[in-house]
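Remarks on the overall topology
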Amino acid sequence: MSYTALAVVGVAVTVLLDLRILRTRLLTRRLFWTAYAIIVFFQLVTNGILTGFDIVVYDPDAIAGPRLVFAPVEDLLFGFALVTQTLVWWVWWGIRHGNE
């Protein structure tokens, strides 16, 4: 499976987890998107440095092709899934263990 396909699956699983399975509904909150905008800024800076200086090199056959600040767009999808799932699980466990 390509990096592109894995990134898309990661986003789909994350959205499903947030809205349907754990029902934390972080994706519906303005605060989440404000915080995520800050995270994306620093992700782009980091990815730009790592890929712009060829510290990290991607196989062209494994990515879709479009890049943003030197990094493949798949990195944004993967980063979204990673950050969002971390927060979704954090909130869900906090709610679950806060009632004990």
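These numbers come from a predicted model, not from an experiment.

**Examining the environment of G98**
Position of G98 among the secondary structure elements: in helix α3 (residues 73-98). The sequence separation of G98 and A35 amounts to 63 residues, and the corresponding C-alpha distance is 23 Å.

**Focus on the environment of I38**
By the element assignment, I38 lies in helix α2 (residues 30-52). Overall, the relative accessible area of 51% leaves I38 in the exposed class. Sequence separation between I38 and L16 is 22 residues; the distance between their C-alpha atoms is 23 Å.

**Focus: the side chain of T24**
Residue position: T24 is located in the loop between α1 (3-21) and α2. Setting aside its immediate chain neighbours within four residues, T24 contacts D18, R29, V88, V91 and W92.

**Observations regarding the packing of α1 against α3**
How two helices pack is summed up by the angle between their axes together with the distance between the axes. Here α1 crosses α3 at 30 degrees, and the two axes come no closer than 8 Å. Classed by the angle they form, the pair α1 and α3 counts as roughly parallel. Here α1 runs over α3; the crossing is left-handed. Where α1 abuts α3, its residues Y3, T4, A7, V8, G10, V11, V13, T14, V15, L17 and D18 lie against E74, D75, L77, F78, F80, A81, T84, Q85, V88 and W89. Of the residues assigned to the contact of α1 with α3, the class counts are 13 nonpolar, five polar and three charged.

**Focus on a positive patch on the surface**
Taken together, the side chains of R20, R23, R25 and R29 present a region of like positive charge at the surface. Its location among the elements puts R23 in the loop between α1 and α2. By relative accessible area, R23 is classed as exposed at 61%.

Reading the values: the criteria
Note on numbering: residues in each chain are counted from 1, in written sequence order. This being a predicted model, a pLDDT of at least 70 is required before a residue's local features are given, and a value of 80 or more before pairs of side-chain atoms are given or counted; all residues contribute to the totals for chains, interfaces and linings. Computation of side-chain values covers all heavy atoms of the structure but excludes hydrogens and water. A helix here means a DSSP run of H or I that spans at least four residues, while a strand means a run of E at least two residues long, and both kinds are numbered starting from the N terminus. When accessible area is computed with a 1.4 Å probe and restricted to protein chains, residues below 20% of their type maximum are described as buried, those above 50% as exposed, and intermediate ones as partly exposed. Contacts are residue-level and defined by heavy atoms, with any inter-residue pair within 4.5 Å sufficient. Inter-axis angles, ranging from 0 to 180 degrees, are taken between N-to-C directions of lines fitted to C-alpha atoms, where helices are fitted over the stretch in contact. Throughout this description, any angle smaller than 35 degrees is read as roughly parallel, any larger than 145 degrees as roughly antiparallel, any in the 65 to 115 degree range as roughly perpendicular, and the remainder as oblique. By convention the crossing between two helices is left-handed if the near helix lies anticlockwise of the far one by an angle smaller than a right angle, and right-handed if it lies clockwise. The classification used treats Ala, Val, Leu, Ile, Met, Phe, Trp, Tyr, Cys and Pro as nonpolar, Asp, Glu, Lys and Arg as charged, and all other residues, Gly among them, as polar. Exposure above 30% relative accessible area and no salt bridge define the residues that can form patches, which grow by joining like charges within 9 Å and nonpolar side chains of Val, Leu, Ile, Met, Phe, Trp and Tyr within 5 Å. For the area figures, the Shrake-Rupley method with a 1.4 Å probe applies, and any residue is considered shielded solely by the protein chains shown. For this analysis, a salt bridge means a side-chain nitrogen from Lys or Arg found within 4 Å of a carboxyl oxygen belonging to Asp or Glu. His residues and chain termini do not enter the charge count, which takes Lys and Arg as positive and Asp and Glu as negative. Each charge is placed at NZ for Lys, CZ for Arg, CG for Asp and CD for Glu.

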